[in-house]
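# An overview of the molecular structure
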Amino acid sequence: MSAFKAMNMRNKVPALQAKLSRAAKQSLDRRFGALYDKVYREDVLCEAWKRVRANNGAPGIDDLDFKTIEEVIGVEVFLREIHNELRAQTYSPVPVRRCWIDKPGKSEKRPLGIPVIKDRVVQMAVKLVIEPIFEANFLPCSYAYRPKRSVQMAVRKIRSEITFGKKTEVIEADIVGCFDNIRHDILLNLVQRRISDQRILKLIRAWLRAGVLEDSELQVPDGLGSPQGAVISPLLCNVYLHSFDMMFKLSKIPGTLVRFADDLVILLWSKGKQVLKQVRCMLRRLGLQLHPDKTRVTRAQDGFDFLGIHFRLRPITRPDAKVKQSCAVWPSNRSIQRVKQRVRDIIGRRYSLSLEEVIAELNPSLRGWANFHLSVQPNRSRIRKLNGFVSERLRIFLRRKYNDDGRGAWRVQGNLPARLGLYQFA
C-alpha cells in the first residue's frame, strides 16, 4: 500500500459511513450483509491506524509498540499484513493483557484489558464500518462513546429537565461491573438484528472469546464480559444497553433517562422508589444489576453527583428572574479531591526541580481539569478556591526545598507562581 495512495483514499471513509448511516436510517430493522470487504479496504485500515495511533496506549502481550512498528516494521508493511490476513480470513485475535488501574478517590482498582496493536486496528476498522448502522437505532438518552455526543450535552439535559421540567425526584444509579457482565449470547443476538454478515459476527465472537492473560495465566471467558479497554467494547456496550434504553422508553415511565455508559440518572416528578424497582427488573433481564451503594433516590434540592459534577436545585433571588429555582452545577467533592491529589503527586518531594519546572508540569493537569468543568458553565466559587490550594502546596514545596525555619510565605509573596505562569482557575 503506497503512502500516496493511502493519503488519497483516506477521505472516502466519511463518505462510506454516511452512506451506511443513510441506509440504516431509512429502515431501522434492515440487516446489513456484505460488510466484511469494507473492513479491509485500504482507506478504512489507514483511518483505523490513524485513530489507534492517536490514542497511543501500551503494547499488548506481544510487547510490540508503535515506535517499533513505525521505525522497524513500517506502517505500510504492518497494514498490508493485516489487509492480507483479513482478506484471506486467516486473522485470529490473541488474548488481551490484563492490568489494574486505580479508581480515582477509591481504594479499589479497575480491570483494564489491553489488546495487541494489530487487534486494536482491526477492531477500529470494524467499528468504523458498523458504528453508523447502530447509531441509527441508538436513542438520545445515551451520551457515552458516541460521535457528536458528550458529557456537556448530558449535563445540559439534566439541568434543563430539573429547572424547566420541574423533575426534582432523582434516581442516581450505577451498574455493577457492566463490561464484565455482558452476556455473549444476548449481545450477539442484538448485533445480529442489524448485521447479517457472518464474517463480521465471527470477528466479534472471536474477540469476546479471546480471553485475558494475567500473570502468565490465561483466563477464558465463560460467556460473560467484554474487556474494558478494547476498542470495540464501548460500541458493544452501547448495543447491549440500548435494550435497556428501549425498555425504559416502552415502559412509558413519566421521567427522563440520561445514561452515560453504565452510569445513569432518571429524573422524575414522583414515585422514585417505584420506578427504581422497575429499572432493576429491566436490567435483570440483561443479566445486570445496580450497585447497592451507588444507587439511591434523592431530591434535586439535596443535590447529587453525576460524571464528576454536582447538581443542586437552588432558589434564585433576582426579582427579574423568569424561574424561581435553577439547577446549579459545580465540581463534585470527589472531583476536587482528585485534582488536589494530582497536584500533590506532581509536586511531591522533587526538590531538584526549580519552581518554574514544577509549574510547567502542573499546568497541563490544572488546565485540563478546569476546561472540563468550565465547559458545563458551573458555579465558579469552588473552582477559584483551588488557586489558594495550589499556591499553598508550592509554598510548602519551596519551604522544604530551601529548609526555611519559618513558613516561607515570602517565597510566594506577590502571587509569584501566577507571575511565573501558573495556571489560574477562573
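These numbers were taken from a predicted model, which means no experiment stands behind them. Numbers given to residues run from 1 along each chain, matching the order in which its sequence is written. Totals for whole chains, interfaces and linings use every residue, but because this is a predicted model, local features are given only for residues with pLDDT of at least 70 and side-chain atom pairs only at 80 or more, for both listing and counting. Hydrogens and water are ignored here; the side-chain numbers use all heavy atoms of the structure.

What follows covers the sheet that holds strand 7 (residues 263-268). DSSP-based pairing: two strands are paired if at least 2 bridges between them are found. Counting from the N terminus, the helices are the DSSP runs of H or I reaching at least four residues and the strands are the DSSP runs of E reaching at least two. With antiparallel pairing, the four strands of this open sheet are ordered in space as 6-7-3-8. Among the strands making up the open sheet, the edge pair consists of strand 6 (255-260) and strand 8 (296-299). Strand after strand, the sheet turns through a mean of 20° between neighbouring axes, direction not considered. Alignment of strand 6 against strand 7, held across six bridges, turns out to be antiparallel. Following the sheet pairing, Gly-255 is matched in strand 7 by Leu-268. Set on the sheet, helix 8 (residues 151-163) makes contact with strand 6 and strand 7; between it and strand 6 the angle comes to about 160°. In this analysis, axes come from line fits to C-alpha atoms, helices being fitted only over the stretch in contact, and the angle between any two N-to-C directions falls in the range 0 to 180 degrees. Here a residue-residue contact requires only that any non-hydrogen atoms of the pair lie within 4.5 Å.

Below, the discussion takes up the state of the cysteines. Criterion for a disulfide: a pair of cysteine sulfur atoms at a distance within 2.5 Å. Per the counting criterion, the structure on display carries zero disulfides. Here Cys-141 is not cross-linked by a disulfide; its sulfur's nearest cysteine counterpart is in Cys-237, at 13 Å. Cys-327 takes part in no disulfide bond, and the closest cysteine sulfur to it belongs to Cys-141, at a distance of 19 Å. Three exposure classes are used, based on accessible area relative to the maximum for each residue type with a 1.4 Å probe and protein chains only: buried under 20%, partly exposed in between, and exposed over 50%. When its relative accessible area of 1% is taken as the criterion, Cys-327 is described as buried.

For this analysis, a ring pair means two rings from Phe, Tyr or Trp (six-membered ring only for Trp) whose centres lie within 6.5 Å, classed as stacked if their planes differ by under 30 degrees, edge-to-face if by over 60, and tilted for the remaining angles. For the structure shown, the criterion picks out seven aromatic pairs. In our convention, an over-ring charge means Lys NZ or Arg CZ found within 6 Å of a ring centre and within 35 degrees of that ring's normal. The ring of Tyr-143 has Arg-149 sitting right over it, with the charged end atom 4.3 Å from the ring centre. Taking the ring centre of Trp-269 as reference, the NZ or CZ of Lys-167 above it sits at 4.8 Å.

Quick look at the environment of Val-122 now. Tracing the sequence through the fold places Val-122 in helix 7 (residues 117-135). Judged by relative accessible area, Val-122 falls into the buried class, the value being 0%. Distance in space between the C-alpha atoms of Val-122 and Ile-82 is 7.7 Å, their sequence separation being 40 residues. Apart from residues lying up to four places away in sequence, Val-122 is in contact with Ile-82, Leu-86, Tyr-91 and Trp-207.

Let us look at the packing of helix 13 (residues 333-347) against helix 15 (residues 381-401). Between helix 13 and helix 15, the shortest axis-to-axis distance is 11 Å and the interhelical angle comes to 25°. For the element pair helix 13 / helix 15, the angle class is roughly parallel. As helix 13 packs across helix 15, the resulting crossing turns out to be right-handed. Contact residues: Asn-333, Ile-336, Val-339, Lys-340, Val-343, Arg-344 and Ile-347 in helix 13; Arg-382, Leu-386, Phe-389, Val-390, Arg-393, Leu-394 and Phe-397 in helix 15. Residue classes follow a fixed rule: Ala, Val, Leu, Ile, Met, Phe, Trp, Tyr, Cys and Pro count as nonpolar, while Asp, Glu, Lys and Arg count as charged, and any other residue, Gly among them, counts as polar. Taken together, the residues of the contact of helix 13 with helix 15 sort by class into nine nonpolar, one polar and four charged. Any angle that is under 35 degrees is reported as roughly parallel, and any over 145 degrees as roughly antiparallel; angles of 65 to 115 degrees are reported as roughly perpendicular and all others as oblique. Helix crossings fall into two classes, left-handed where the near helix is turned counterclockwise from the far one by less than a right angle and right-handed where it is turned clockwise.

Judged by pairing direction, the sheet is antiparallel, and its three strands sit side by side in the order 9-10-11 without closing on themselves. With partners counted over all chains shown, the strands left at the sheet margins are strand 9 (304-306) and strand 11 (325-331), one partner each. Averaged over all neighbouring strand pairs, the angle between strand axes comes to 35°, with direction disregarded. By the bridge criterion, seven bridges tie strand 10 (residues 309-315) to strand 11 in an arrangement that is antiparallel. Paired with Pro-315 across the bridge in strand 11 is Gln-325. Its contacts with the sheet put helix 8 on strand 9, strand 10 and strand 11, and the angle it makes with strand 11 is roughly 150°.

What follows is about helix 10 (residues 198-209). With twelve residues, helix 10 should reach 16 Å at 1.5 Å per residue; the first-to-last C-alpha distance of 16 Å fits that figure. Every buried residue of helix 10 is listed here: Ile-200, Leu-201, Leu-203, Ile-204, Trp-207 and Leu-208. Taken down its axis, helix 10 places every buried residue within 155° of arc, on the same side. The outward face of helix 10, more than 90 degrees from its buried face, is lined by the exposed residues Lys-202 and Arg-209. On the buried face of helix 10, the contacting elements are helix 3 (36-39), helix 7, helix 9 (184-192) and helix 11 (233-250). Backbone nitrogen of Arg-199 and a side-chain oxygen of the N-cap are separated by 3.0 Å at the start of helix 10; the cap is Asp-197. At the C-terminal side of helix 10, Gly-211 shows a positive phi close to 90°. By definition here, a helix of n residues has an expected span of 1.5 Å times n minus one. The reported arc concerns the directions from the helix axis to the C-beta atoms and nothing else. Polar contacts, as used here, are pairs of N or O atoms within 3.5 Å; protein pairs need one atom able to donate a hydrogen and one able to accept it. Residues neighboring in sequence count only if both atoms are side-chain atoms.

Each patch is built from salt-bridge-free residues with over 30% relative accessible area, joining like charges within 9 Å and nonpolar side chains (Val, Leu, Ile, Met, Phe, Trp, Tyr) within 5 Å. In short, Shrake-Rupley with a 1.4 Å probe defines the accessible areas, and a residue's cover is counted only from the protein chains shown. Any Lys or Arg side-chain nitrogen located within 4 Å of an Asp or Glu carboxyl oxygen qualifies as a salt bridge. Nonpolar side chains collect at one region of the surface, where Val-72, Ile-73 and Val-77 lie side by side and expose about 250 Å² of accessible area between them. Mapping Ile-73 onto the fold places it in helix 5 (residues 66-73). By relative accessible area, which is 32% here, Ile-73 ends up partly exposed.

This part takes up the layout of surface pockets. Definitions used throughout: a 1 Å grid over protein atoms alone; a cavity as a set of points that fits a 1.4 Å probe which cannot get out; a pocket as an open set with protein on both sides within 12 Å along at least five of seven lines; a lining residue as one with an atom within 4 Å of a point. Grid points are joined across faces, edges and corners, and a volume is the space filled by probe spheres set on the points. Looking at the second largest pocket, its volume works out to about 510 Å³. Every element with two or more residues in the lining of the second largest pocket is listed here: helix 4 (42-55), strand 2 (109-114), helix 7 and helix 11. The greatest single-element share of the lining of the second largest pocket, amounting to four residues, is contributed by strand 2. Along the lines of polarity and charge, the residues of the lining of the second largest pocket split into twelve nonpolar, seven polar and four charged.

Taken as a whole and judged by the stated rule, the model has one cavity of 30 Å³ or more. The wall of the largest cavity is formed by 15 residues, among which Val-96, Gln-123, Trp-207, Pro-227 and Ala-230 lie closest to the centre. Elements represented by at least two residues in the lining of the largest cavity include exactly helix 7, helix 10 and helix 11.

In this model, helix 8 (13 residues) spans 18 Å end to end at C-alpha, consistent with the 18 Å of a helix rising 1.5 Å per residue. Along helix 8, the residues classified as buried are Val-151, Gln-152, Ala-154, Val-155, Ile-158, Glu-161, Ile-162 and Thr-163. Buried positions along helix 8 lie against strand 6, strand 7, strand 9, strand 10, strand 11 and helix 14 (355-374).

Within the fold, Lys-167 resides in the loop between helix 8 and strand 3 (169-174). There is a polar contact of 3.0 Å between the side chain of Lys-167 and the side chain of Glu-161. Setting aside residues up to four positions removed in sequence, Lys-167 forms contacts with Glu-161, Ile-162, Gly-255, Thr-256, Leu-267, Leu-268 and Trp-269.

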